[in-house]
Amino acid sequence: MTDSTAGRLQALFEGHRLTPTQRRIAHCMVRRAGDVPFLSSVELAELAGVSQPSVTRFAVALGFDGYPALRRHLREVAPPEPDAGGDGGETLNEYQQAVLAEIENLRHLAGLLADPTPVERAGRLLAGSRPLPVLGLRAASSQARGFAYFAAKVHPDVRLLDEAGSMLTDRVDAAVRAGATALLCFALPRHPREVVEALEYARAAGLTVVTVAESAFAPVAAHSDLLIPAAVGTGLAFDTACAPMMLGRVLLEAMADELPDAQARLEEFDTKAAARGLFVE
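First, a word on what this report is: a plain description of the structure on this page. (Residues numbered from 1 in each chain as written. Predicted model: local features only at pLDDT ≥ 70, side-chain atom pairs only at ≥ 80, totals over all residues. Heavy atoms only, no water.)

## A short note on the pattern of salt bridges
Link 1 in the chain: The tally for this structure, following the rule as stated, stands at six salt bridges.
Link 2 in the chain: In this structure, the salt-bridge partner of Arg203 is Asp225, at a minimum N-O distance of 3.0 Å. In this pair, Arg203 sits in helix 10 (residues 193-204) while Asp225 sits in the loop between strand 4 (208-213) and strand 5 (226-229), placing the two residues 22 residues apart along the sequence.
Link 3 in the chain: Since its relative accessible area comes to 33%, Arg203 is described here as partly exposed.
Link 4 in the chain: Residue Glu268 pairs with Lys272 through a salt bridge whose shortest N-O separation is 3.2 Å. Placement of the pair is Glu268 and Lys272 together in helix 12 (residues 262-276), with a separation of four residues, close to one helical turn. (Salt bridge = Lys/Arg side-chain N within 4 Å of Asp/Glu carboxyl O. Helix = DSSP H or I, 4+ residues; strand = E, 2+ residues; numbered from the N terminus. Buried < 20%, exposed > 50% of the residue type's maximum accessible area, 1.4 Å probe, protein only.)

Shown next, in the form of structure tokens:
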């Protein structure tokens, strides 16, 4: 699947009010863009983990008479492409397939980054927010924590928000009172209700929300000012998030580029770390 193929598919879905089930189908189709033009509605339903009637309703929601009409359209906008990676049809086990799926997610992310405009805009927003709240709950908490750890080395005031509950809105309020103008959110499936509510609250409080989510159809999309997608792997019992982690590091780079004293802060840290014998290498 090339990134242009996935992009054409995603453009087909944009502008439609999709239900959570329909977003699931759309996300599956983007990830399997090279296959879906030749899948039956039953096969697509099985891949997406939904019912066959849901696939039919999805096609109608997009303005087609039914799934056959949608499939004909897909053959025009997303033609099949040759398999570039085989070595003679070797059978791969589930672990290998999961790793290769993550590699494909990273390739897709690389294609999206061919246009650096969204990341550069996000970098400016994050660099300009003092303090900078970073939100991530449940499955996304490790992504938020990793970003906040490194961001604190170049940004003067990073505030990690990784616990839900009544204190979350208090901490958003405190950040706004201190001068925050933007909030970075990592949102991964399954999406906690608290994340959606927190983003809604943050925007009402005047914060510009930058979100990393698994797709443009994620439930948090409606509550984000700038959403940059990075797909998660679903081949194992628990989702894998290599692409969201990589995107987080890219956003760190973009933010650091907007902070004039970022390099000086890093050098100061290295000097102090050496004096303290902080690292063993």
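## Topic: the side chain of Ser129
Link 1 in the chain: In this fold, Ser129 is placed in the loop between helix 7 (117-128) and strand 1 (132-135).
Link 2 in the chain: For Ser129, a relative accessible area of 0% puts it in the buried group.
Link 3 in the chain: A distance of 3.1 Å separates a polar side-chain atom of Ser129 from the backbone nitrogen of Ala182.
Link 4 in the chain: When neighbours within four sequence positions are excluded, Ser129 is seen to be in contact with His155, Ala180, Thr181 and Ala182. (Polar contact = N/O pair within 3.5 Å; in protein donor to acceptor, adjacent residues only side chain to side chain. Contact = heavy atoms within 4.5 Å.)

## Quick look at the sheet that holds strand 1
Link 1 in the chain: Spatially, 2-1-3-4-5 is the arrangement adopted by the five strands of the open sheet, whose pairing is parallel. Sheet topology places strand 2 (158-161) and strand 5 at the edges, where each strand pairs with a single neighbour. The average angle at which neighbouring strand axes cross in this sheet is 20°, direction not considered.
Link 2 in the chain: Docked against the sheet, helix 9 (residues 166-177) engages strand 1 and strand 2, running at close to 165° with respect to strand 2.
Link 3 in the chain: This element, helix 10, spans strand 1, strand 3 (182-187) and strand 4 of the sheet and lies at about 165° to strand 3. (Pairing = 2+ DSSP bridges. Axes fitted to C-alpha atoms, helices over the stretch in contact; angles between N-to-C directions.)

In short, shape yes, function no, at least from these values alone.
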